[in-house]
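One letter stands for each residue in the lines below.
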Amino acid sequence: MSNAQQSGTGQEVRAENKMGTMPMGKLLFSMALPMMISMMVQALYNVVDSIFVSRVSEDALTALSLAFPVQNLMIAVGSGTGVGINALLSRSLGEKKFEQANRTACNGLFLAIVSAAAFLLFGLFGTNLYFTLQTDIPAIIEGGDAYLGIVCIGSVFLFGQVTLERLLQSTGKTMYSMISQSTGAIVNIILDPIMIFGLLGFPAMGVAGAAVATVIGQALACLIGLYLNLTRNKEITFRLQELRPRGGIVGQIYKVGVPSIVMMSIGSLMTLGMNTILMGFSSTATAIFGVYFKLQSFAVMPVIGMNNAMVPIIAYNYGARHKERIVHVIKLSICVAEIMLTLFMIIFQIFPDKFLALFDASEHMLSMGIPALRIITTHFVLAGFCIIAGSVFQALGNGMLSLIVSVARQLVVLLPAAWLLSLSGDVNMVWWAFPIAELASLLFSALFLRHIYKKEILPLDKPAA
């Protein structure tokens, strides 16, 4: 059943969405704050989850680490597709193409089901082989196979959760998106110790318990997201007959989504390369790199939350040809991102030992980790601009530019620079590869943003054809 009366042309008569009318500062803050909170909760979960699993055994933690590339790939496929859905749906609403917005939402759900089916097959038939190709330690293979099998088989809830949250974000309802994501993450955190260690009468499941807790949290978030979309998201209408692929819509979703998927997947390849380089020094150096990745999420996740709010605002106002609003939100987002990341950099410079202590760091690890965190986090000063610019490219349907910047930063500059600096024999030199790579990212991002402004934003001053 439609949520609004439709005219004979297929377009609906409805009030202008707040993304086209609300003062920009108030709009960005109101949409971004819930998403920033939910992303911080997600960052907290990432750290807490690893702490709980490390209490089982070192093999259990290793199994979780080896499973990370596949989990990261699932998140990349779900989130990347979500970026494409977000951009197309918001732009369609801005252009008052309401029927296309409805079809985009339904096609997004269809793509979530197809993605889940692919990982379901891997979970049933591929996880054991995946681990045996990497290690011959029985405890790691057994724990990893159980964990990854459960997560992949239950991946339909992950893809459903991500897609449904993106639909809420696309129409400006970020508070509801926060409720869905935060509830799932909090339930996950609560269930982790219960399932892993066998509390409250539950059997101790070890690593498999962490997987069960993850799937339950994702299932709850997915159901909440579905309920909120059906009852609160009046901008779009779901129809069962539209749960089938439409080539034009799927193509537009993946035009933005595929570069985003590849861009997020590149992080796994970069991590593998850095681990290989750092293992040439010591396992402690590799552990410090892993700790940094956990900690940096607290700095980056809030900015990503603001990014997720900015994308539909830009896409909507691009469809509505509101040039000044687009320019305003871009400038405002860059300023806020730079301020936030600079503050986090200062905190890391002052308290690196306190952060490392969260992971029960030894004296040896502290001696290596303190200078490492101080060197790596200097790139935060440049990262805010680059993160915002990448999302601007995606919002305007130019996701390939984001991919180029990501490949240049992580594969063309960072890994070769880290390898060359490792030849010095001083592990502290390797960490400088991060600010070097961020500087290259800044140059590419600035050039591409200038190009996008001239090509996509400046012409909005002219009447629509």
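Cut-offs applied
Residues numbered from 1 in each chain as written. Predicted model: local features only at pLDDT ≥ 70, side-chain atom pairs only at ≥ 80, totals over all residues. Heavy atoms only, no water. Phe/Tyr/Trp six-rings, centres within 6.5 Å; stacked < 30°, edge-to-face > 60°. Buried < 20%, exposed > 50% of the residue type's maximum accessible area, 1.4 Å probe, protein only. Core = buried A, V, L, I, M, F, W, Y, C linked by side-chain atoms within 4.5 Å. Helix = DSSP H or I, 4+ residues; strand = E, 2+ residues; numbered from the N terminus. Contact = heavy atoms within 4.5 Å. Patch = residues over 30% accessible without salt bridge, like charges linked within 9 Å, V, L, I, M, F, W, Y side chains within 5 Å. Areas by Shrake-Rupley, 256 points an atom, 1.4 Å probe, with all protein chains shown as cover. Salt bridge = Lys/Arg side-chain N within 4 Å of Asp/Glu carboxyl O.

Draft legend 1. Region of interest: the packing of aromatic side chains. Going through the model one piece at a time under the given rule, you end up with nine aromatic pairs. When the ring of Tyr-130 is compared with that of Phe-131, the centres are 5.1 Å apart and the planes differ by 90 degrees; the resulting orientation is edge-to-face. Residue Tyr-130 shares its accessibility class with Phe-131, and that shared class is buried.

Draft legend 2. How the structure looks around the nonpolar core. Core analysis: the biggest nonpolar cluster contains 73 residues, and Met-274, Ile-314 and Trp-431 have the highest contact counts within it. If you tally residues by element for this core, the top one is helix H10 (residues 283-319), at 14 residues. Sequence-distant contacts of Met-274, that is, excluding residues within four places in its chain, are made with Phe-289, Leu-414, Leu-415, Ala-418, Val-430 and Phe-434. Counting 25 residues, the second-largest nonpolar core is a separate cluster that includes Ala-116, Val-162, Ile-196 and Ile-261.

Draft legend 3. Representation of the environment of Met-35 in the model. Locating Met-35 in the fold gives a position in helix H1 (residues 24-54). Spatially, the C-alpha atom of Met-35 lies 22 Å from that of Val-156, the residues being 121 residues apart in sequence. If near-sequence neighbours (up to four positions away) are discounted, Met-35 is found in contact with Gln-169, Thr-174, Gly-305, Asn-308 and Ala-309.

Draft legend 4. Structural view of the environment of Arg-409. Mapped onto the elements of the fold, Arg-409 is located in helix H15 (residues 399-422). By relative accessible area, which is 16% here, Arg-409 ends up buried. On a C-alpha basis, the gap between Arg-409 and Gly-273 in space is 14 Å, while along the polypeptide they are 136 residues apart. In this structure Arg-409 touches His-379, Leu-414, Ala-437, Glu-438 and Ser-441, once residues within four positions along its chain are discounted.

Draft legend 5. Representation of a nonpolar patch on the surface in the model. Taken together, the side chains of Ile-339, Leu-343, Ile-346, Ile-347, Ile-350 and Phe-351 make up a nonpolar region of the molecular surface, amounting to roughly 550 Å² of accessible area. Within the element layout of this structure, Ile-347 appears in helix H11 (residues 323-350). The exposure class of Ile-347 is partly exposed, given its relative accessible area of 34%.

Draft legend 6. Seen up close, the pattern of salt bridges. Counted under the stated rule, the structure contains three salt bridges. Here Glu-99 ties to Arg-103 by a salt bridge, and the two come within 3.9 Å at their closest N and O atoms. Taken together, the residues Glu-99 and Arg-103, both in helix H3 (residues 98-125) and four residues apart, mark about one turn of the helix. Exposure remark for Glu-99: the relative accessible area of 19% places this residue in the buried category. A relative accessible area of 27% means that Arg-103 is categorised as partly exposed. Residue Arg-409 pairs with Glu-438 through a salt bridge whose shortest N-O separation is 2.9 Å. Separated by 29 residues along the polypeptide, Arg-409 in helix H15 and Glu-438 in helix H17 (residues 433-457) bring together distant segments of the chain. Each member of the pair Arg-409 and Glu-438 is classed as buried.

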